[in-house]
Amino acid sequence: MKTDSTVAHGSTFLVTDEEGVPTRSHDGFYHRDTRRLDRYRLGATGRTLEPLELVDVRPAERLVHLATPLERGARALQLSRRQFVTDGLYESVRVTNLTRDSKSETLELSVGTRFDDLFEVRGFEGNAVHKRDIAVETHENGVTFAYDPEDVDFSATVSVAVSREADLSVDTANGRANATLSIPLELDAQETQSLSLAVTTDGPASDPEAAVSAAREQVRERERTWRKETVLDDVPEVWESVLEESRENLLELRLDTEYGPMLAAGVPWFATSFGRDSLIAAYQSLGLSTALAKGTCRYLAAHQADEADEFRDAEPGKILHEVRYGELAARGEVPHSPYYGTVDATALFVVLVHETWRRTGDDAFAEEMRPHVERALDWLDEYGDRDGDGFLEYPTDGGDGSLTHQAWKDSGDGIMHPDGSHPTGPLAVAEVQGYAYDAKRRGADLARYAGDESRATELEREATALKRAFDDAFWLPEEDCYAVALDSEKEQVASVTTNAGHCLWSGIVPEARADALVDRLVADDMFTGWGIRTLASSHGAYNPQSYHLGSVWPHDNSLVVLGMARYGRVGAARRVAEGLVAAAKARGNDRLPELFAGFEREETEVPVSYGEACEPQAWAAAAPLAFLQAVTGSVAEVPDEPDSRDAPTPSS
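Quantities reported herein were computed from a predicted structural model and do not represent experimental measurements.

Student: So, the nonpolar core: which residues are in play, and what are the values?
Tutor: With 141 residues, the main nonpolar core has Phe349, Leu504, Val509, Met564 and Phe627 as its most contacted residues. Not counting residues within four places of it along the chain, the set of residues in contact with phenylalanine 627 comprises Trp239, Pro554, Asn557, Ser558, Val561, Ala577, Leu580, Val581 and Leu592. Of all hydrophobic cores here, the second largest spans 40 residues; its members include Leu42, Leu79, Val93 and Val162.

Structure below.
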């Protein structure tokens, strides 16, 4: 199976197979959740062009080499396509006649669109319009496709322009539009000629060559600025290439919003603003950039829910899960306008605000965010705790468009009993209680800074009560681990999972439990040598090629590693971190994917691909930065509290 290769700039990207050729049904050029071109192929009339090499030159710049097949040991024609992505797609194409004879060649650029919503590409079937009325306008150097339905506030355009004279043919049928631009070339022996292609989303480029030149400079200046703004210190030599790859991947995924920079979750499917993903990736990246964290907090604060909306799972004070800008969101076919169906982003928002303030000392930022922090903390108690037992729960029987599971393991079978049976909801998931505990303690610190001592004391008492209640309800003495969840009857879902490791990161684990829990997480049925499995291989539900029931997720491991270091188990943290760094290097590209299979390292020699993982993906790309924090001793410190098992029960 061919894997994805993308050249990306935030929410704008071109996805092809790993050879740079569009061969799969989801390939194409995307901008803001709409596939602007599902057909984008450059060839030569009467010629077969074979992919030779693909080079990821830098973030948002890729070079693809193609040539005619070998004949008598030599090739006749070569194309080199240098591609740049900004708010559009720009190409500098070099065509070389490799022979000693003059040749007449015709390049053909075949383009087409039906303006698919990204959800449609992924298989969503709803009531959306499938045969779109696409307008076509030809101009001197290309063509523009436009879609502007009258019944919804949505429109999309895409223009294709070339820098040389071209013959243009257009075809519209069955709700799509196609065009072919034929570009004749007269090539002397061993001559190279160049042309420029500009694919734009805000009107045609009048001068494609100038547009390509501007895109080239924008891409390279963006990288220069990023490298000046970000610094990697105390890097183990063997980690250097992996951390450099992380830095480049994060630049590819950087979204420059009106509130500041933040990270899209990943390409190709999640090139947009998220709650949980963007928050965790910003936290992991704090050693590299605090600007990302501030931009993330400000963006999410600006979109914090003001009212209840059942369709979008919104409630006052809640932080969004995902926002989309395509036609289906505009029509209300999907609830992502934005969608708030997450149980953990609201607590994580408080965690990131406080940690950013702690690291930067930016009191003005803390004051700016405090009203939003208070609204988030109110949501934890008023809406997150559905039955008043002190734990945060989410329903597993949501309506159309809602996720079954709303914690980070959000696949349909993300939370399971050891035998593979599904628990009944609502569910209280282990790591979410840790996030809530951490949010309350950090919220207390922010309140005390603001001079509100009574609020600080109240939040500290709530955190202490939650810590004790969590340990009583979730601990599995026979496993030396915390249950992954409590079901609707408050019975334990007794699976051994990495979720318990997140509780180390949040600090909700009593000191007396920490060593046993760390040892359990690196036991043979959990640690593969590459990383820690999401689910113990000793359970019946285990499947090393399952999304959440036995695979290895780098971001998940990074939070566990930070937690191990927090409790002084730096040796265990280093062991896991070095396994993941080795995995990135063994893959041959120094990059960690969203996830990979949970097979043993000694059995595989390389991490086995999951097959449909996002790459690059923000919290996977940022995981090595979190590993660095853990092994260099720069993990978060929050003011200590007494062990909750020795603390008095707070009065209600």
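Student: Can you explain helix H8 (residues 363-384)? Please cite residues and give values.
Tutor: Maximum bend of H8: about 45°, positioned at arginine 370, with proline proline 371 one to four residues after it. Packing partners of the buried residues in H8 comprise helix H5 (291-302), helix H7 (345-360), helix H9 (430-449) and helix H10 (453-474).

Student: Residue-level account of the pattern of salt bridges, with values.
Tutor: Across all of its chains, the model carries 57 salt bridges by this definition. Taking the shortest distance from any N to any O, the salt bridge between arginine 324 and aspartate 33 comes out at 2.7 Å. Highlighted residues: arginine 324 in the loop between H5 and helix H6 (327-331) and aspartate 33 in the loop between strand E3 (28-31) and strand E4 (34-37), separated in sequence by 291 residues. Between glutamate 374 and arginine 370 there is a salt bridge; the shortest N-O distance is 3.5 Å. Of the two residues, glutamate 374 and arginine 370 are both situated in helix H8; the distance of four residues between them amounts to about one turn of the helix. The exposure class of glutamate 374 is buried, given its relative accessible area of 17%. Taken together, the shared-partner salt bridges connect Arg370, Glu374, Asp378, Asp452, Arg455 and Glu458 into one network.

Student: Explain a nonpolar patch on the surface residue by residue, including any values.
Tutor: Side chains of Val136, Leu168 and Val170 sit close together on the surface and give an oily, nonpolar patch of about 190 Å² of accessible area. Owing to a relative accessible area of 30%, valine 136 belongs among the partly exposed residues under this scheme.

Student: Give a detailed account of H10, specifying residues and quantitative values.
Tutor: Taking 1.5 Å per residue as the helical rise, H10 with its 22 residues ought to reach 32 Å, and the 31 Å between its terminal C-alpha atoms agrees with that figure. Arg455, Ala456, Leu459, Ala463, Thr464, Leu466, Lys467, Arg468, Phe470, Asp471 and Phe474 are the residues of H10 that are buried.

Student: Please provide a residue-by-residue account of the pairing of strand E7 (residues 61-67), values included.
Tutor: Most of E7 sits out of view: seven of its seven residues are buried. Across the two faces of E7 the burial is the same, with Glu61, Leu63, His65 and Ala67 and Arg62, Val64 and Leu66 all buried. Relative to E7, strand E6 (residues 50-58) runs antiparallel, the two being bridged by seven bridges. Within E7, the residue paired with aspartate 56 across the bridge is arginine 62. A loop of two residues connects E6 with E7, the two strands running antiparallel in sequence, and alanine 60 in this loop sits at a positive phi of about 70°. Summarising the sheet, E7 and strand E8 (residues 77-85) pair through seven bridges and their orientation is antiparallel.

Student: Account for the sheet that holds E4, with residues named and values stated.
Tutor: If you walk across this open sheet you meet the five strands as E1-E2-E3-E4-E11, and the pairing is antiparallel. Of all strands in the sheet, those with a lone pairing partner are strand E1 (4-9) and strand E11 (116-117), marking the two edges.

Student: Please give an account of the packing of aromatic side chains that cites residues and values.
Tutor: By the definition in use, this model includes 16 aromatic pairs. Consider the rings of phenylalanine 270 and phenylalanine 274, whose centres lie 5.7 Å apart with planes at 85°: the pair is edge-to-face. We note that phenylalanine 270, like phenylalanine 274, is buried. Grouped by ring-pair contacts, the aromatic residues Phe391, Phe470, Phe474, Trp475 and Tyr482 constitute a single cluster. One residue, arginine 601, lies across the ring of tryptophan 530, its end atom 4.5 Å from the ring centre.

Student: Any details on unusual backbone geometry? Residues and values, ideally.
Tutor: For the bond from serine 337 to proline 338, the omega torsion is -5°, close enough to zero to count as cis. Looking at the secondary structure, you find proline 338 in the loop between H6 and H7. Following glycine 425, the chain continues to proline 426 via a peptide bond in cis, the omega torsion being 0°. At aspartate 480, a position not held by glycine, the phi torsion is positive, near 50°. In this fold, aspartate 480 is placed in the loop between strand E21 (475-476) and strand E22 (481-482).

Student: So what about the packing of helix H4 (residues 276-284) against H7? Which residues, and what values?
Tutor: Running from N to C, H4 and H7 point in directions that differ by 25°, and their axes come no closer than 9 Å. Here H4 lies roughly parallel to H7, going by the angle between them. Two packed elements cross with a definite hand, and for H4 against H7 that hand is left-handed. When H4 is examined against H7, the residues Arg276, Leu279, Ile280, Ala282 and Tyr283 are found in contact with a partner set consisting of Ala345, Leu348, Phe349, Val351, Leu352 and Glu355.

Rules used in this analysis
Residues numbered from 1 in each chain as written. Predicted model: local features only at pLDDT ≥ 70, side-chain atom pairs only at ≥ 80, totals over all residues. Heavy atoms only, no water. Core = buried A, V, L, I, M, F, W, Y, C linked by side-chain atoms within 4.5 Å. Buried < 20%, exposed > 50% of the residue type's maximum accessible area, 1.4 Å probe, protein only. Contact = heavy atoms within 4.5 Å. Bend = angle between axes of the 7 residues up to and from the residue. Helix = DSSP H or I, 4+ residues; strand = E, 2+ residues; numbered from the N terminus. Salt bridge = Lys/Arg side-chain N within 4 Å of Asp/Glu carboxyl O. Patch = residues over 30% accessible without salt bridge, like charges linked within 9 Å, V, L, I, M, F, W, Y side chains within 5 Å. Areas by Shrake-Rupley, 256 points an atom, 1.4 Å probe, with all protein chains shown as cover. Expected span 1.5 Å × (residues − 1). Pairing = 2+ DSSP bridges. Phe/Tyr/Trp six-rings, centres within 6.5 Å; stacked < 30°, edge-to-face > 60°. Lys NZ or Arg CZ within 6 Å of the ring centre and 35° of its normal. Axes fitted to C-alpha atoms, helices over the stretch in contact; angles between N-to-C directions. Parallel < 35°, antiparallel > 145°, perpendicular 65-115°, else oblique. Left-handed = near helix turned anticlockwise from the far one by under 90°.

What is shown is where atoms sit, not what they do.
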